[in-house]
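Structural characterization, general
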Amino acid sequence: MHILLVFLLGFLVHRLLLHRKAGRRSGSTASPAPMSQAEPSELSSQDCTPDLPLSFGYKTAWLCIRADEPAQVIMALGGRDAEACSWRAGLSRAGTQRQVFVSPCLRGYILAIGLPELKSQILETLAVNFEEIQYFITHRVVDYQGWAKYQNGKCVRAYAWIGERGEVLWDEGSLTAEELALGGQDFPRQGKEEDAVRYPDEETVLSMAAAWGISTDLEAGGYPPSCGYLCKVQFS
């Protein structure tokens, strides 16, 4: 009889606990969604340790903005969930899941790396916030090369070539001295693509970036260890 009573008591306690758990679940107004595998991984403490800037530039798009504080750039981009991070951690995530790495100030400029292709309307909106912005994009698969410079809110030069289609997508403003030094007078021009003598490639884009402001070969720039910021950006 004693054993039977213990068994019945245990059974009743088990049923009571199940009932309470079910009540908590049914009374809950919201529950956190499980993290999807597509979500960016969280930054560890090591990811926030200052390190030397790393070179970049291939198969990506970036802005080079004359500004003093990364916060200015993050705000102008509409960035959210900004977190301090190292160059290695930032560049490894930039361009994935709408993440952009915003650098510290480098000799008067701040870089925003890992951007999507930005239309002229977006660049014009950004340009009114800064004395100067530069935009670069390169993608070897479709042979897409482009660069643009805005000063005091106005486009002074913009060029974009997509070799896969044999088409100049953007050709605004006069050739700059830096383009001429790279043989830009022989590049395809909009509406006259068939007259081209030579074509820009990804090295042309990197050379333009170095000539206009900041070389993407940051490892050779003599910069001290530093941290930037990783943020999420979404353009409509």
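Details of the structure are given in the entry above.
The text that follows walks through the structure, step by step, so that each part is easy to find. For clarity, every value in this text was computed on a predicted model and none was experimentally measured.

With 31 residues, the main nonpolar core has Leu63, Val73 and Val102 as its most contacted residues. Those elements that place two or more of their residues in this core are β1 (60–66), α2 (70–77), β3 (99–102), β4 (109–113), α4 (120–127), β5 (132–139), β6 (144–151) and β7 (154–162). Residue contacts for Val102: discarding those within four places in its chain leaves Pro70, Val73, Ile74, Leu77, Ile110, Leu111, Ala112, Gly228, Tyr229 and Cys231.

Glancing now at the pairing of β3. Neither face of β3 is left uncovered, since the one carrying Gln99 and Phe101 and the one carrying Val100 and Val102 both have all their residues buried. Sheet analysis places β3 next to strand β9 (residues 227–232), joined by four bridges and oriented antiparallel. When the bridges of β9 are listed, Phe101 appears paired with Leu230. Pairing between β3 and β4: two bridges, direction antiparallel. Counterpart to Val102 in the pairing with β4 is Ala112. Counting the residues in the hairpin turn of β3 and β4 gives six residues, including Arg107, whose phi is positive at 50°.

A few words now on α4. Turning to α4, its buried residues are Ile122, Leu123, Leu126 and Ala127. Within α4, the buried residues cover an arc of 135° as seen down the axis, which keeps them to one side. Residues of α4 that are exposed and point over 90 degrees away from its buried face: Gln121 and Thr125. Buried residues in α4 make contact with β1, α2, β5, β6 and β8 (167–172).

Conventions we followed
Residues numbered from 1 in each chain as written. Predicted model: local features only at pLDDT ≥ 70, side-chain atom pairs only at ≥ 80, totals over all residues. Heavy atoms only, no water. Core = buried A, V, L, I, M, F, W, Y, C linked by side-chain atoms within 4.5 Å. Buried < 20%, exposed > 50% of the residue type's maximum accessible area, 1.4 Å probe, protein only. Helix = DSSP H or I, 4+ residues; strand = E, 2+ residues; numbered from the N terminus. Contact = heavy atoms within 4.5 Å. Pairing = 2+ DSSP bridges. Arc of directions from axis to C-beta.

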